[in-house]
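Topology and contacts: notes
Listed below, chain by chain, are the residues.
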Amino acid sequence: MDEMNEIYTYIGNVLNQGMNNVNWKSIQFNIEADSIYCGYDGTYTDSLDASHDLDIDIPYEMDDKIWRLLELSKENNFTPWNRAVYTLEKNGHFDMEFEWDQALQDEWEKS
């Protein structure tokens, strides 16, 4: 579990550092992943509660971290997932939600 916490911290640090010059309240980082694909996008809410697309540089290491998180989930017999949402608040509090999207998986398998 320590390694999972390190990954959560890594994601939060990347998001926070990327938003260094932006007045934000919360960030929603959306992840899609399986054993060969990893993608993400996101939005953030500013101090006036307006929503904006997340436009920050994400280091290439993020893919490796997401894939490792996926592996750790399998190793620990967690419920399978191919979508996740990492929500970060300005005060440092975060939440991570996982879900399985069969339509997404079917789409990947057709590719």
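In this report, we go over the structure that sits alongside the text. In this text the structure is predicted, and so the values were computed from the model without any measurement.

Observations regarding the pairing of strand β4 (residues 83-89)
- Burial along β4 is one-sided: the residues Ala84, Tyr86 and Leu88 are buried and none of Arg83, Val85, Thr87 and Glu89 is.
- The pairing of strand β1 (residues 24-33) with β4 spans seven bridges and is antiparallel. By the bridge assignment, Ser26 is partnered in β4 with Glu89.
- Taken together, the six bridges between β4 and strand β5 (residues 94-99) define a ladder with antiparallel strand orientation. When the bridges of β5 are listed, Tyr86 appears paired with Met96.
- In sequence, β4 turns back onto β5 through a hairpin of four residues, with Gly92 there showing a positive phi of about 100 degrees.

A few points about the packing of aromatic side chains
- A full pass over the atoms with the stated rule returns five aromatic pairs.
- A ring pair is formed by Tyr8 and Phe94, whose centres lie 5.5 Å apart and whose planes are at 50 degrees; its orientation type is tilted. Taken as a pair, Tyr8 in helix α1 (residues 2-18) and Phe94 in strand β5 lie far apart in primary sequence, 86 residues in all.
- Tyr8 sits in the buried class, given a relative accessible area of 12%.
- The class for Phe94 is partly exposed, based on a relative accessible area of 33%.
- Taken together, the aromatic side chains of Tyr8, Tyr86 and Phe94 make up a single cluster linked through ring pairs.
- We note Lys65 situated over the ring of Tyr10; from NZ or CZ to the ring centre the distance is 5.1 Å.

Thresholds, definitions, all that
Residues numbered from 1 in each chain as written. Predicted model: local features only at pLDDT ≥ 70, side-chain atom pairs only at ≥ 80, totals over all residues. Heavy atoms only, no water. Buried < 20%, exposed > 50% of the residue type's maximum accessible area, 1.4 Å probe, protein only. Helix = DSSP H or I, 4+ residues; strand = E, 2+ residues; numbered from the N terminus. Pairing = 2+ DSSP bridges. Phe/Tyr/Trp six-rings, centres within 6.5 Å; stacked < 30°, edge-to-face > 60°. Lys NZ or Arg CZ within 6 Å of the ring centre and 35° of its normal.

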